[in-house]
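An overview of the molecular structure
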Amino acid sequence: MQLTVLLIILALLTVIGYQMGRSRAVASVGGRIVELHSVPSYHGFYVALWAGLPALLLFAFWGASEGWLVMQMVLSGLPDRLVNGDAQSLGLLRADILNLAHGVTTGREPDPEVVAAAERYLRLHALGDWSLLVIGCCIAIGGLLYARGRIDPDLRARNRVERTVNIALVICSLVAILTTIGIVLSLLFEAIRFFAVVNPLEFLFGTHWSPQMAMRADQVGSSGSFGAIPLFAGTLLITGIAMAVAVPVGLMAAIFMSEYASPGLRTWLKPILEVLAGIPTVVYGFFAALTMAPFVRDVGNSLGLSVSSESALAAGFVMGVMIIPFVSSLSDDVINAVPQSLRDGSYGLGATKSETIRLVVLPAALPGIVAAIMLAVSRAIGETMIVTMAAGLTANLTANPLDAVTTVTTQIATLLVGDQEFDSPKTLSAFGLGLVLFVVTLTLNMVALRVVQKYREKYD
Amino acid sequence: MSVQTHIPATAMASRPAAGIHGTKMVARDVKVFYGAKQALKGINLEIQENRVMALIGPSGCGKSTFLRCLNRMNDTIENCRVEGLIALDGEDVYGKNIDAVQLRARVGMVFQKPNPFPKSIYDNIAYGPRIHGIASHRDEMDEIVQTSLQRAGLWNEVKDRLREPGTGLSGGQQQRLCIARAIAVSPEVILMDEPCSALDPIATAHIEELIDELRENYTIVIVTHNMQQAARVSQKTAFFHLGDMVECDDTEEIFTNPRDERTQGYITGRYG
């Protein structure tokens, strides 16, 4: 509540600050704006930033550290008998206090000391919120007055504002980078836990995948087997089928769009093709599981082949359709970037259109096309939903596209669905798989980017 | 009336025209439209065999458009319409039994900016012969490549690196490579659209020399903005202005004694 009030007050103060800065700047030169170093609106922004930013920073800092601070204060007030435990019991104690404070009943009779602590927690918390409101307002008003006092015809308000904007931009890009690093680290640490239990060599080169573990010592069941080769093979098979569909179709669509279609047709066709990329993969999954897979099975049966009703072929085909727009759109851009002068040169020598495309345009665009295909491959490898729905979960080690196979991503999804114990190799194996997947797609993307870069150097 | 220009008399096409020159190409009342905009307003011109015809005129006057009509390169431009008659050896190039693709093998083209294919020097030259099936085996192809490069005066510079990419050559070398590439399909006419405008003076001198030599075997039409160049390399000059062909005569005549005052204004540098 107090936080909302604070935010509203801050918003108001920045607006007021902007107006004040602006009008004061204009007044400081008696209306002759040319005499100002910066345009009045920059002075306005300057004051507004001073009013809003410091208070916002305090707000962010408070949000990040308040819970911890208050909890430390509460814990320090508790008797030693409760606090002097190992890390685990301390964590439990913290959870108890929080639960009580937020009115969650735990089912067991709480210690009166803990109840008192919870009350204390709530009190401190409320106090903290109020003080934040007061301090925040003071800082905002202080900043506003400070900045207002500094307004002067010679103040380089524009440079200062631009600097602040620069810093904001840097912070935004840092957020993206840090998130990526965070994802990689979490993946890495869990994967390390997994590889502490399962030998990496067995994982990478074993041919039997059966992650079921016995839950209790007396339980009869498999002991788990983590040879990931069938998953890699399944991924490879499905990706292969998908690319066999997407590359020729996508490439030819791109050639048609960039070389043969009239500009009018192209402006229609390209967005329509790109709509394919916007369909959620779950919907493709429906299509694969309900339409394609039975169709493939029926056709196979009528030809006397035994086709399982969840086949790699159906999933791969639908995935290929999904990837067509990636290949076609990127290749189309690349083909368009081939200079017209090369085409003219070829026509001028008496080449036909198809000869020109085959012998001049495509070779010139090849690096870009290769990059487009690589991006599409990494997309296919990472695709989960279609395979989960249409290709099945059986970890067969087979090259037969009519069999059911499973892929790395599908296994990750099934391993982590529902409640899982995080100390079992079964669950942790998902992170091992994820790490492999990450490394593979990252490599593919980097190679693709390098190829694109080389291509750019050539024509710019 | 004699017009004094800054062109020295010795730079005039020095070689006297040897013998009678037959007519290679004829344009009769050629009109070109880009959509609704008319770019050429009825051009009449005769291009003589084994001579160099220079097309001059200010930018946008239609000389490149006219050039591109001669080998039907305008076909590749959308909503471009050509009216009138253009004949090569008495045969209408826009006629039913002429294939634009075959025509371009007979009427080759060199462009303003050197545009070698991103292939090896050898493959650049062999491109045309290959698509037309001119060489039946390897030795023959090697020979075509060598002769073409020799005629374009590039052989000595590149003979040791035929497998290296054509895009790695200097600008002037690239343009000579493009000329060699055009020669390799043994055209009868070579069209050049400001072939030296992207080159430095030394490379330009090289190409001009080459044009003069090529005249023995080919008919050449060259568009240029450089009037000294027109005077140096051509025997006939046509002056274009605002989509009209104002006047066409022997080069010497045009530069010393132009009949039309627009021509006079342009070559003395009063406008354009």
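In this text the structure is predicted, and so the values were computed from the model without any measurement. (Residues numbered from 1 in each chain as written. Chains lettered and ligands numbered in written order. Predicted model: local features only at pLDDT ≥ 70, side-chain atom pairs only at ≥ 80, totals over all residues. Heavy atoms only, no water.)

**As for the overall build of chain B**
In terms of regular secondary structure, chain B is built from ten helices and ten strands. For 272 residues, the compact-globule estimate of 2.2 N^0.38 gives 19 Å, and chain B sits close to it at 19 Å. With the C-alpha coordinates aligned to their principal axes, the bounding extent of chain B is approximately 55 × 45 × 35 Å. Relative to its 272 residues, chain B shows a buried fraction of 56%. Pairs at least 24 residues apart make up 68% of the contacts formed inside chain B by residues separated by at least 6 positions. Only carbon and sulfur atoms are counted for the fraction: they give 47% of the accessible area of chain B, which is about 11800 Å². Side-chain charges of chain B comprise 30 positive and 35 negative groups, with the mean position of each set lying 4 Å from the other. (Helix = DSSP H or I, 4+ residues; strand = E, 2+ residues; numbered from the N terminus. Rg over C-alpha atoms; globule rule 2.2 N^0.38 Å. Buried < 20%, exposed > 50% of the residue type's maximum accessible area, 1.4 Å probe, protein only. Contact = heavy atoms within 4.5 Å. Areas by Shrake-Rupley, 256 points an atom, 1.4 Å probe, with all protein chains shown as cover. Lys, Arg positive; Asp, Glu negative; His and termini not counted. Charge placed at Lys NZ, Arg CZ, Asp CG, Glu CD.)

**Some thoughts on the interface of chain B and chain A**
Tallying the contact residues gives 22 residues for chain B and 21 residues for chain A. When chain B packs against chain A, close to 1600 Å² is buried across both sides, 65% of that on carbon and sulfur atoms. Together, B:Pro118, B:Tyr127 and B:Ile131 form the three largest contributors to the area buried by chain B at its contact with chain A, with a combined 31%. Here chain B is connected to chain A by zero salt bridges. Remark: the boundary between chain B and chain A carries five residue pairs in polar contact (both at pLDDT 80 or more). Of all elements in the fold, only helix 2 (100-106), strand 6 (107-110), helix 3 (121-132) and helix 6 (171-183) of chain B reach the threshold of two or more residues within the side of chain B that touches chain A. Looking at the side of chain B that touches chain A, its residues break down into 13 nonpolar, four polar and five charged. (Buried area = accessible area lost by both parts, 1.4 Å probe. Salt bridge = Lys/Arg side-chain N within 4 Å of Asp/Glu carboxyl O. Polar contact = N/O pair within 3.5 Å; in protein donor to acceptor, adjacent residues only side chain to side chain. Nonpolar A, V, L, I, M, F, W, Y, C, P; charged D, E, K, R; others polar.)

**Observations concerning the domain arrangement of chain A**
You can read the domains of chain A as domain 1 (2-155) and domain 2 (225-459). Its C-alpha centre places domain 1 of chain A at a distance of 49 Å from the equivalent point of domain 2 of chain A. (Domains from an automatic or database assignment.)

**Overview of the nonpolar core**
Core analysis: the biggest nonpolar cluster contains 54 residues, and A:Phe203, A:Trp209, A:Ile238, A:Met319, A:Ile323, A:Ile386 and A:Leu433 have the highest contact counts within it. Put simply, the parts of the chain that give this core at least two residues each are helix 6 (157-197), helix 8 (229-260), helix 10 (281-302), helix 11 (312-337), helix 13 (353-382), helix 14 (385-390), helix 15 (408-416) and helix 16 (425-459) of chain A. Other than its neighbours up to four places away in sequence, A:Ile323 contacts A:Ala246, A:Ala376, A:Arg379 and A:Ala380. B:Ala135, B:Ile183, B:Met227 and B:Ala230 belong to the second largest nonpolar core, which has 47 residues in total. (Core = buried A, V, L, I, M, F, W, Y, C linked by side-chain atoms within 4.5 Å.)

**Looking at the layout of surface pockets**
It is a probe the size of a water molecule, rolled over the atoms, that shows where empty space is left. If you add up the space inside the largest pocket, you get close to 530 Å³. Considering the residues around the largest pocket, the lining is formed by 22 residues, among which A:Glu259, A:Tyr347, A:Lys353, B:Thr76 and B:Glu78 are closest to the centre. Of all the secondary structure elements, the ones that give two or more residues to the lining of the largest pocket are helix 8, helix 9 (263-278) and helix 12 (340-348) of chain A together with helix 2 of chain B. Its residues assigned to classes, the lining of the largest pocket shows eight nonpolar, six polar and eight charged. (1 Å grid on protein atoms, 1.4 Å probe; cavity = no way out; pocket = protein on both sides within 12 Å on 5 of 7 lines; lining within 4 Å. Points joined across faces, edges and corners; volume = space filled by probe spheres on them.)

**Examining the UniProt feature "domain: ABC transmembrane type-1" (unreviewed entry) in chain A**
With numbering matched to this structure, UniProt assigns "domain: ABC transmembrane type-1" (unreviewed entry) to residues 232-448 of chain A. Taken as a whole, residues 232-448 of chain A contains 79% helix and 0% strand, while its terminal C-alpha atoms sit 21 Å from one another. (UniProt positions renumbered as here; feature names shortened; annotations may be inferred.)

**Some thoughts on a nonpolar patch on the surface**
All names here are of chain A. Together, Val170, Leu174, Ile177, Leu178, Ile181, Leu185, Leu188, Phe189 and Ile192 make up an exposed nonpolar region whose accessible area comes to about 810 Å². When you line up the elements, Leu188 lands in helix 6. The class for Leu188 is partly exposed, based on a relative accessible area of 33%. (Patch = residues over 30% accessible without salt bridge, like charges linked within 9 Å, V, L, I, M, F, W, Y side chains within 5 Å.)

**Side note on the UniProt feature "transmembrane region" (unreviewed entry) in chain A**
This chain's UniProt record puts "transmembrane region" (unreviewed entry) on residues 43-64, 130-147, 167-189, 231-256, 268-292, 312-335, 356-377 and 430-452 of chain A. Structurally, residues 167-189 of chain A is divided into 100% helix and 0% strand, and its ends, taken at the C-alpha atoms, are 32 Å apart.

**Brief notes about the sheet that holds strand 3 (residues 52-56) of chain B**
All names here are of chain B. Here we have six strands laid out as an open sheet, ordered 6-7-8-3-9-10, and mixed in their pairing. Each of the sheet's edge strands pairs with one partner strand only, and the pair in question is strand 6 and strand 10 (244-250). Mean inter-strand twist for the sheet, computed between neighbouring axes without regard to direction, equals 20°. Direction of pairing for strand 3 relative to strand 8 (residues 219-223): parallel, over a ladder of four bridges. Bridging from a neighbouring strand, Ala54 pairs with Ile222 of strand 8. (Pairing = 2+ DSSP bridges. Axes fitted to C-alpha atoms, helices over the stretch in contact; angles between N-to-C directions.)

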